[in-house]
Amino acid sequence: MTRIEGAIALVTGGQRGLGRAFTEELLRRGADKVYVTARNPIASEDPRVESLALEVTNPDSIAALADRTKDVSIVVNNAGVLHPAPLLRAEMADVVETFEVNVFGPLRIARAFAPILAANGGGALIDIHSVLSWSAGAAAYGASKAALWSLTNSLRLELAGQHTQVVGVHLAFADTDMARGFPGDKLGPEQVARAVFEGVERGETEVLVDEFTRGIKAALSGPVEGLALSI
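Residues numbered from 1 in each chain as written. Predicted model: local features only at pLDDT ≥ 70, side-chain atom pairs only at ≥ 80, totals over all residues. Heavy atoms only, no water.

Draft legend 1. Structural detail: the overall build of the protein chain. Tallying secondary structure elements over the protein chain gives 6 helices and 7 strands in all. Along the protein chain, helices and strands appear, N-terminal first, in the series β-α-β-β-α-β-α-β-α-β-α-β-α. The globule rule puts the C-alpha radius of gyration for 231 residues at 17 Å, and the 17 Å found for the protein chain is close to it. As presented, the protein chain carries roughly 10,900 Å² of accessible surface, and 53% of it is formed by carbon and sulfur atoms. (Helix = DSSP H or I, 4+ residues; strand = E, 2+ residues; numbered from the N terminus. Rg over C-alpha atoms; globule rule 2.2 N^0.38 Å. Areas by Shrake-Rupley, 256 points an atom, 1.4 Å probe, with all protein chains shown as cover.)

See below:
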């Protein structure tokens, strides 16, 4: 388990949506400081929050961030992008960007921050997946989250020796700008953040935020056709 009280954390994509909820929950649980990143950061009025620039597709940007934040013990890989067009009709540039941001971005962050986490006692690396990691019908976004799930599972093995808690988070759509165009009920960002950090403090390696997500994972043993969602 990872202790949040007194910790210093980093949340990528931390200025809005789920990222902002993660930041607020970390502070509520007693984190001393949270670095939040965005392509165009806006200064926070809270002295415990420091806003920094980050482009997760740019190795130099990530290196500069890591050099600035060598005191972190919790890293939340939250930054992401969603292009909903079907795979056969989507612009290939959008498909490539989806994987660059949602898969290779978190991997770049993990590679840059693994030594920092090790130096600070191990800490936690938290990757935000999706119920769409396990279901068909979500185009490049779902495919990228499936890849990130696999990547996280491998990172968990590689980082075990340095005592880093690697946590994969799966959830249905949350009520954020990214999911605004999708129908149906959505999870409150605060509900998601609370579930994530409860899991972190309990020492969990995977957090399934909602009942729908738990049901989809339970169905993985059945026919693959049963995992198709109309999205």
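Draft legend 2. Main features of the sheet that holds strand β2 (residues 33-38). In space, the 7 strands of this open sheet follow the order β3-β2-β1-β4-β5-β6-β7, with parallel pairing throughout. Strands with a single pairing partner mark the edges of an open sheet, and in this sheet they are β3 (49-53) and β7 (206-208). Ignoring strand direction, the axes of neighbouring strands in this sheet form an average angle of 15 degrees. Of the strand pairs in this sheet, strand β4 (residues 74-77) and strand β5 (residues 124-128) are connected by 4 bridges, and their pairing is parallel. Bridge pairing in β5 links V75 to L125. The sheet contacts of helix α1 (residues 17-28) involve β1 (8-11), β2, β3, β4 and β5, and relative to β1 the element is tilted by about 170 degrees. Here helix α2 (residues 59-68) sits on the sheet in contact with β1, β2 and β3, set at roughly 155 degrees to β3. (Pairing = 2+ DSSP bridges. Axes fitted to C-alpha atoms, helices over the stretch in contact; angles between N-to-C directions. Contact = heavy atoms within 4.5 Å.)

Draft legend 3. Just helix α4 (residues 139-159), in detail. Spanning 21 residues, α4 covers 30 Å between terminal C-alpha atoms, matching the ideal 30 Å at 1.5 Å per step. Taken together, the buried positions of α4 are A139, A140, Y141, G142, S144, K145, L148, L151, T152, L155, R156 and L159. (Expected span 1.5 Å × (residues − 1). Buried < 20%, exposed > 50% of the residue type's maximum accessible area, 1.4 Å probe, protein only.)

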